[in-house]
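# Coordinate inspection notes
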Amino acid sequence: MRLLLVEDDADQRQLLSELLTDFELTAAGSVAEAEPWLPKVDLVLSDWKLGDGDGLMLLRKIQRLPNAPAFVMMTAYGTISHAVEAMRQGADDYLSKPFSRQELALTLEKVSRAQRLKHDNRKLSQALTDQNRLTDIIGGSPAMQRVQARLAKVGDTDATVLIEGESGTGKELAARALHRLSKRCDKAFVAVNCGAIPEQLAESELFGTDKGAFTGAAQARAGKFEAANGGTLFLDEIGELPLLLQSKLLRVLQEGKVTRLGEHHERQLDVRIIAATNKDLKAEVQAGRFREDLYYRLNVVPVLLPPLRERKDDIPALSRHFLGLYARRHGQAEPPLTHPLLAKLQSHHWPGNVRELANRMERLVLLGEDSPMAPLAGGNGDFAFSLPPGGLDWEAFERHCLEKALALNGGNRRQTARYLGLGYKALLYRLEKYDIE
Ligand SMILES: Nc1ncnc2c1ncn2[C@@H]1O[C@H](COP(=O)(O)OP(=O)(O)OP(=O)(O)O)[C@@H](O)[C@H]1O
Ligand SMILES: [Mg+2]
């Protein structure tokens, strides 16, 4: 503990200094001398009467500091009213002169302890704020408050969570938040897009392969489950998982063990599962496309992310967040969120949800103007370009088209697939092929 002693009488200052050996001590003789030290100490022991003022002046200065030190007032014999006044103004304790060495020690001990507690408290609540900020989920609307409360409640458990919500509502963000809130936060967070893995490869992707398990498996390889050991496995687009794999997944979840393809022994794992889907999984079960037992296994704690159009209260804060984010990222000035713009954003239907809003704000930062998504093209087969005579780099062209189409559709993959007239899986396959996020 760092202690600042303020006493204008040199003899008393000397005497007290000799008693205060348990502290890292600084001694001052006046308000002016003491002032620069106030932010640097944990505790101030001050005389009432000082040459250039009094102890109360110091107390008031202390109270303006962000991390205020504790304050103990020393008052002269027969001036109990000063002690009362000091306490009333917020001093932590007082000592009336003359006091014994023991009284001094006891008082300072008590105040130090309280100060340490206050300090620890501040650190804890700071850590909590940081943690909340870490998850970066914006949303003051009642619907999102409920989501946040549920995430906070189950974050630090190993419970399996099923996150449902339309595309772009923040399912992956929520999954990452759950991981960060857990004791597993310093271990791996492994995300698998169940819709993007070709069916023949899915098993080895998830569970791993032994060397030579199939043609092309030259090396033994750990699957995503093993990669997530100790941490969290995020099974994104779980509704896209083929039925055969659903039963294999169910077995792994039940037993907590995986067997690599081609291997005969099991590996015990400790993995927390978070799954997400933008399908109505219950309806998929009823339609016979999703195993009911797996559904119940995954749906231990359901989290439903509401579509953006149902929480329009969040649009201003989200817009501001993304404008700031993209302005920083692209080194541009942050465009103002004007009333007419906000009114337009509030009345939009947001089929692509938060992702669509994020993309629109990024375009606003880059182009300086608000440009809503273009309407989907009609399939009239009339292309505005002709093939170059010298040849065409097909792959580069396809990648370009995919990226453009994605951007045009606010990053919404389902909508992009529809826009391109492709099946959803066909699109995912191409995105994977070109490594497009
Ligand atoms: N509440 C929010 N606060 C801040 N950013 C958000 C919020 N919700 C979503 N985002 C951002 O919007 C984008 C889309 O979110 P995310 O990828 O989590 O959606 P998703 O539900 O997984 O979508 P999809 O089903 O298409 O995969 C991300 O950049 C994410 O950071
Ligand atoms: Mg996602």
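## Focus on unusual backbone geometry
- The amide bond that connects K97 to the next residue, P98, takes the cis arrangement and shows omega of -5°.
- In this structure, W350 is a non-glycine residue whose phi angle is positive, near 55°.
- Tracing the backbone shows W350 in the loop between α14 (339-347) and α15 (353-367).
- By relative accessible area, W350 is classed as buried at 0%.
- Not every positive phi belongs to a glycine, and N353 is a case in point at roughly 55°.
- By secondary structure assignment, the location of N353 is in helix α15.

## Comments concerning the site of ligand 1
- Residues in close proximity to ligand 1 total 17 residues, the closest being I138, S167, G168, K171 and R355.
- Contact distances for ligand 1 include 2.8 Å between an oxygen atom and a backbone N or O atom of G168.
- A distance of 3.1 Å separates an oxygen atom of ligand 1 from a polar backbone atom of G170.
- Protein coverage of the free-state accessible area of ligand 1, which is 630 Å², stands at 86%.
- For the shell around ligand 1, the secondary structure elements donating two or more residues are α7 (171-181), α13 (315-330) and α15.

## Quick look at the sheet that holds strand β9 (residues 189-193)
- The strand order across the open sheet built from five strands is β9-β12-β15-β8-β16, with neighbouring strands paired in parallel fashion. In this open sheet, the two strands that pair with only one neighbour each are β9 and β16 (301-305). Averaged over all pairs of adjacent strands, the angle between their axes in this sheet comes to 20°, without regard to strand direction.

## Some points on the packing of α13 against α15
- Where α13 meets α15, the axes come as close as 9 Å, and the angle between the chain directions of the two elements is 45°. By the angle between their directions, the pair α13 and α15 is classed as oblique. Note on packing geometry: the crossing formed by α13 with α15 is right-handed. On α15, the residues that touch I315, L318, S319, F322, L323, Y326, A327 and H330 of α13 are V354, L357, A358, M361, E362, L364, V365 and L366.
- For the contact of α13 with α15, the class distribution of residues is 13 nonpolar, two polar and one charged.

## Topic: the packing of helix α8 (residues 199-207) against helix α10 (residues 243-255)
- Viewed as axis vectors pointing N to C, α8 and α10 meet at an angle of 10°, and their least axial separation amounts to 11 Å. One finds that α8 runs roughly parallel with respect to α10. Residues E199, A202, E203, L206 and F207 of α8 form the contact with α10, whose own contacting residues are L245, K248, L249 and V252.
- The residue inventory of the contact of α8 with α10, partitioned by class, reads six nonpolar, no polar and three charged.

## Here we look at the pattern of salt bridges
- Considering all chains together, one arrives at 30 salt bridges under this definition.
- Salt-bridge contacts for E237 lead to R413; the nearest nitrogen and oxygen are separated by 3.2 Å. With E237 in the loop between β12 (232-236) and α10 and R413 in helix α17 (residues 413-420), this pair connects stretches of sequence that are 176 residues apart.
- For R413, a relative accessible area of 22% gives the class partly exposed.
- We note a salt bridge from E266 to K257, for which the minimum N-O separation is 3.9 Å.
- A relative accessible area of 30% means that K257 is categorised as partly exposed.
- Through salt bridges that share partners, E240, K279, E284, R289 and R414 make up one connected network.

## What about the sheet that holds strand β6 (residues 70-75)?
- Spatially, the five strands line up as an open sheet ordered β2-β1-β3-β6-β7, and their pairing is parallel. In this open sheet, the two edge strands, each paired with only one partner strand, are β2 (24-28) and β7 (93-96). In this sheet, neighbouring strand axes are inclined to one another by 20° on average, regardless of whether the strands run parallel or antiparallel.
- One ladder, built from four bridges, connects strand β1 (residues 2-6) with strand β3 (residues 43-47); its direction is parallel. Looking at β3, one finds that L3 is bridged to L43.
- Here helix α1 (residues 10-19) sits on the sheet in contact with β1, β2 and β6, set at roughly 175° to β2.
- Sitting on the sheet, helix α4 (residues 80-88) touches β6 and β7, and the angle it makes with β7 is about 170°.

## Details of the nonpolar core
- Of all hydrophobic cores here, the largest spans 30 residues; its most connected members are F225, L233, L235 and I238.
- Sorting the residues of this core by element identifies β9, α8, β12, α10, β15 (272-277), α11 (281-286) and α12 (292-298) as the ones contributing at least two each.
- The element that contributes the greatest number of residues to this core is α10, accounting for five residues.
- Excluding its chain neighbours within four sequence positions, the residues that come into contact with L233 are V190, V192, K224, F225, A228, V271, R272, I273 and I274.

## Concerning the domain arrangement of the protein
- As assigned here, the protein comprises domain 1 (2-126), domain 2 (137-306), domain 3 (308-372) and domain 4 (390-437).
- The C-alpha centroid of domain 2 is placed 58 Å from the C-alpha centroid of domain 1.

## Focus: helix α6 (residues 142-155)
- Given a rise of 1.5 Å per residue, 14 residues ought to cover 20 Å, and the 19 Å separating the end C-alpha atoms of α6 matches this to within 8%.
- Every buried residue of α6 is listed here: A143, M144, V147, L151, V154 and G155. The buried residues of α6 occupy one face: seen down the axis, they fall within an arc of 110°. Residues of α6 that are exposed and angled more than 90 degrees away from the buried face: P142, R146, A152 and K153.
- Buried residues belonging to α6 abut β8 (161-165), α7, β15 and β16.

About the cut-offs
- The residue numbering used here restarts from 1 in each chain and proceeds along that chain's sequence as written.
- Labels follow written order: the first chain is A, the first ligand is 1, and so on.
- The predicted nature of this model means local features are confined to residues of pLDDT at least 70 and side-chain atom pairs, given and counted, to a pLDDT of 80 or more, with totals for whole chains, interfaces and linings taken over all residues.
- Processing note: side-chain calculations cover all non-hydrogen atoms of the structure and skip hydrogens and water entirely.
- Elements are defined by DSSP. Helices are runs of H or I of four residues or more, strands are runs of E of two residues or more, and each kind is numbered from the N terminus.
- Throughout this description, buried means an accessible area under 20% of the type-specific maximum (1.4 Å probe, protein chains only), exposed means over 50%, and partly exposed covers the range between.
- Being near a molecule or strand, for a residue, means having at least one of its heavy atoms within 4 Å of it.
- Counted as a polar contact is a pair of N or O atoms within 3.5 Å, where, for protein atoms, one must be capable of donating a hydrogen and the other of accepting one, and residues adjacent in sequence contribute only when both atoms are in side chains.
- All accessible-area figures derive from a Shrake-Rupley calculation using a 1.4 Å probe, and residue coverage is judged against the displayed protein chains alone.
- At least two bridges found by DSSP between two strands are what make those strands a pair.
- Angles shown run from 0 to 180 degrees and are taken between the N-to-C directions of axes, each axis being a line fitted to C-alpha atoms and, for helices, limited to the stretch in contact.
- Note on angle classes: values under 35 degrees are labelled roughly parallel, values over 145 roughly antiparallel, values of 65 to 115 roughly perpendicular, and the remainder oblique.
- With the far helix as reference, a near helix turned anticlockwise by less than a right angle produces a left-handed crossing, and one turned clockwise produces a right-handed crossing.
- Two residues form a contact once any of their heavy atoms are found within 4.5 Å.
- Amino acids are sorted into nonpolar (Ala, Val, Leu, Ile, Met, Phe, Trp, Tyr, Cys and Pro), charged (Asp, Glu, Lys and Arg) and polar (every other residue, Gly among them).
- Salt bridge, as used here, is a side-chain nitrogen of Lys or Arg placed within 4 Å of a carboxyl oxygen of Asp or Glu.
- For the purposes of this section, nonpolar cores are sets of buried Ala, Val, Leu, Ile, Met, Phe, Trp, Tyr and Cys residues that join through side-chain atoms within 4.5 Å.
- Domain delimitation follows an automatic or database domain assignment.
- One less than the residue count of a helix, multiplied by 1.5 Å, gives the span that helix is expected to have.
- Directions pointing from the helix axis toward each C-beta atom define the arc.

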